[in-house]
Each structure stands twice: as C-alpha cells, then as structure tokens.
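Here's the letter readout for the chains.
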Amino acid sequence: LADAAWPDAARWAGDGAVLVVPIGATEQHGPHLPVTTDTDIAEAVAEAAAVLDHHLVVAPAMAYGSSGEHDRFAGTVSIGQEAIEAVLVELGRSAVRDFAHVVLACTHGGNASPFARALGRLAAEGHPVTGWSPPWAGDLHAGRTETSLMLAIAPDRVRLDRATPGDTRGGAELLPLLRAGGVRSVSPTGILGDPTGAAADEGSRLIRAAAADLATMVAGLHRRSEMRGAGMGSEVTR
C-alpha cells in the first residue's frame with residue numbers, strides 16, 4: 001500500500017483485497033538488536049504472507065505501541081495502552097471502508113491487552129477486522145527466537161558480539177515480576193532469554209511458518225466472505 005496511488009488502492013478494493021497492517025513497537029531489544037525489531041518482524045511476516053496470497057495488501061506498519069515495561073532503557077518510545085487501543089480502533093474503522101477485510105498482525109506482546117480490547121470494540125460495531133499474532137514459541141524477549149528472526153531479516157543490523165544470556169526464567173515466573181517492576185527489574189541488559197545459538201536459517205523457518213499461518217487465516221476470511229455473499233451467514237470475525 002505504501003507504494004500505491006489511490007487508483008491502485010481502489011482497484012484492489014474492487015477485487016476484494018484484504019489489508020494486513022503490521023503492528024509492532026519501538027523499544028529496546030537488548031544491546032544487540034535494533035529498537036525496531038518487533039516492527040521489522042511484523043513487516044517481514046506480512047510481506048511473506050502476501051507472496052502466498054495475491055488478495056493480501058500490506059499496509060505501512062504501526063511502529064509504536066505499548067512498551068511501558070521497557071521504561072528506563074534508552075530508545076524505547078511508548079504511546080501506552082489507551083493510545084494504541086484508540087489508534088487501532090480508528091484505523092480499523094477507516095480501512096474497512098475500502099477493503100473487504102482488515103487483519104491487524106501484531107508481533108509485540110506488550111500490545112496484547114489493548115489489541116484485544118480494540119478488536120472487541122470493532123467486532124461489536126460490526127466491522128470485518130481480525131487480529132493475528134505469530135504462533136511461534138520461544139524465550140520472551142530479545143533471545144534466540146527474535147535474534148534468529150532478525151538474522152534472517154536484517155543481519156547487518158544484528159550485533160552478535162553484544163549478545164549475552166539474560167534472564168532465562170519462563171513466562172509464568174517472569175510475567176508477574178515484569179508487571180510489578182518492568183524488564184529492568186529482572187534484566188539489566190533488557191534480554192529475557194538466551195540469544196546464544198541464534199541462526200538465520202532458524203529465523204527463515206519461523207518467518208515461513210508464520211506467513212503460512214497468516215495466509216491460511218486470510219484464505220478462511222475469503223471463504224467466509226464468499227458464504228456471506230451467497231447469503232449463507234453474516235458472522236463478524238473477531
């Protein structure tokens with residue numbers, strides 16, 4: 001969408017295109033990854049999914065999110081939960097005027113609560129907007145998973161010489177501590193996990209798997225749209 005003029009967008013809308021909006025953040029990712037990591041990953045997955053489904057149009061990314069848990073790490077720029085919820089609601093209301101369906105593809109865990117609330121509001125208003133997040137598992141932040149992803153996406157922006165293990169405890173133990181004191185309270189480097197062993201081929205596999213999952217979901221939206229067009233239902237996807 002970023003490279004299109006409005007007649008191009010009008011043509012896509014007439015063809016029943018699905019708009020996918022990458023939702024990321026601008027926040028610290030340890031001393032070895034760029035602050036745009038979440039946004040870079042969201043864009044890479046959306047673009048890979050668009051290769052698999054020609055109905056899918058990738059929008060410019062939403063590069064700021066709710067990142068208060070990363071306060072006191074330089075480079076973190078957070079707009080907070082209330083703001084991200086409002087932005088996503090207004091974005092969805094606007095985009096559905098031109099596109100058959102809108103998918104908000106979020107790769108930043110700190111957006112989860114406002115993301116869910118925004119989707120609920122849009123669904124209650126009857127807008128065809130769906131949320132998606134990647135299915136991969138792994139360490140919580142700036143560890144092996146995200147480092148592998150960035151090695152696949154932009155290896156020249158990864159400083160492996162600075163990559164060291166951070167707090168490697170699991171989410172069940174760490175999340176209450178993060179809510180109480182933020183990332184700085186448990187990890188002076190900002191890493192939650194262990195980037196040791198990260199590799200570009202692992203990141204490429206993760207991107208392909210996530211893109212296939214997103215494309216499969218979009219295919220399901222096409223089928224539901226066809227059923228509604230045939231008078232077989234009026235379900236609003238949440």
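Now for a quick tour of the structure. Predicted model only: the values in this text are computed from it and were never measured.

1. Remarks on unusual backbone geometry
Here's step 1: For R72, which is not a glycine, the phi torsion comes out positive at approximately 75°.
Here's step 2: Secondary-structure assignment places R72 in the loop between strand 2 (56-58) and helix 3 (80-95).

2. Side note on helix 3
Here's step 1: In this model, helix 3 (16 residues) spans 22 Å end to end at C-alpha, consistent with the 22 Å of a helix rising 1.5 Å per residue.
Here's step 2: Contacts made by the buried residues of helix 3 are with strand 1 (18-23), strand 3 (101-106), helix 4 (112-124) and strand 4 (129-132).

3. Describing the nonpolar core
Here's step 1: The biggest cluster of nonpolar side chains holds 29 residues, and the ones touching the most others in it are V20, V103, W132 and L214.
Here's step 2: Mapped by element, the contributors of at least two residues to this core are strand 1, helix 2 (37-52), strand 2, strand 3, helix 5 (144-153) and helix 7 (200-229).
Here's step 3: It is helix 7 that provides the largest number of residues to this core, a total of eight residues.
Here's step 4: Apart from residues no more than four positions distant in its own chain, L214 is found in contact with V20, V45, A46, A49, V103 and W132.
Here's step 5: Membership of the second largest hydrophobic core comes to 21 residues, among which are A95, V102, A118 and L119.

4. Thoughts on a nonpolar patch on the surface
Here's step 1: On the surface, a nonpolar cluster with roughly 290 Å² of combined accessible area is contributed by Y64, V77, I79 and V87.
Here's step 2: Since its relative accessible area comes to 33%, I79 is described here as partly exposed.

5. Looking at the side chain of H29
Here's step 1: In this fold, H29 is placed in the loop between strand 1 and helix 2.
Here's step 2: H29 gets classed as buried once you look at its relative accessible area, which sits at 0%.

6. With respect to the pairing of strand 3
Looking along a regular strand, one sees side chains alternate from face to face of the sheet.
Here's step 1: When you tally the buried positions in strand 3, you get six out of six residues, the bulk of the element.
Here's step 2: On strand 3, burial covers both faces: H101, V103 and A105 on one face and V102, L104 and C106 on the other are all buried.
Here's step 3: Bridge count between strand 1 and strand 3: six bridges; the pairing is parallel. Residue pairing in the sheet places I23 in a bridge with C106 of strand 3.
Here's step 4: In the sheet, strand 3 pairs with strand 4 via four bridges, with the strands oriented parallel. Its bridge partner being in strand 4, A105 is matched across the sheet by W132.
Here's step 5: One crossover worth recording links strand 3 to the parallel strand 4 by way of helix 4, and it is right-handed.

Thresholds, definitions, all that
Residues numbered from 1 in each chain as written. Predicted model: local features only at pLDDT ≥ 70, side-chain atom pairs only at ≥ 80, totals over all residues. Heavy atoms only, no water. Helix = DSSP H or I, 4+ residues; strand = E, 2+ residues; numbered from the N terminus. Expected span 1.5 Å × (residues − 1). Contact = heavy atoms within 4.5 Å. Core = buried A, V, L, I, M, F, W, Y, C linked by side-chain atoms within 4.5 Å. Buried < 20%, exposed > 50% of the residue type's maximum accessible area, 1.4 Å probe, protein only. Patch = residues over 30% accessible without salt bridge, like charges linked within 9 Å, V, L, I, M, F, W, Y side chains within 5 Å. Areas by Shrake-Rupley, 256 points an atom, 1.4 Å probe, with all protein chains shown as cover. Salt bridge = Lys/Arg side-chain N within 4 Å of Asp/Glu carboxyl O. Pairing = 2+ DSSP bridges. Right-handed = clockwise from strand over helix to strand, strands pointing away.

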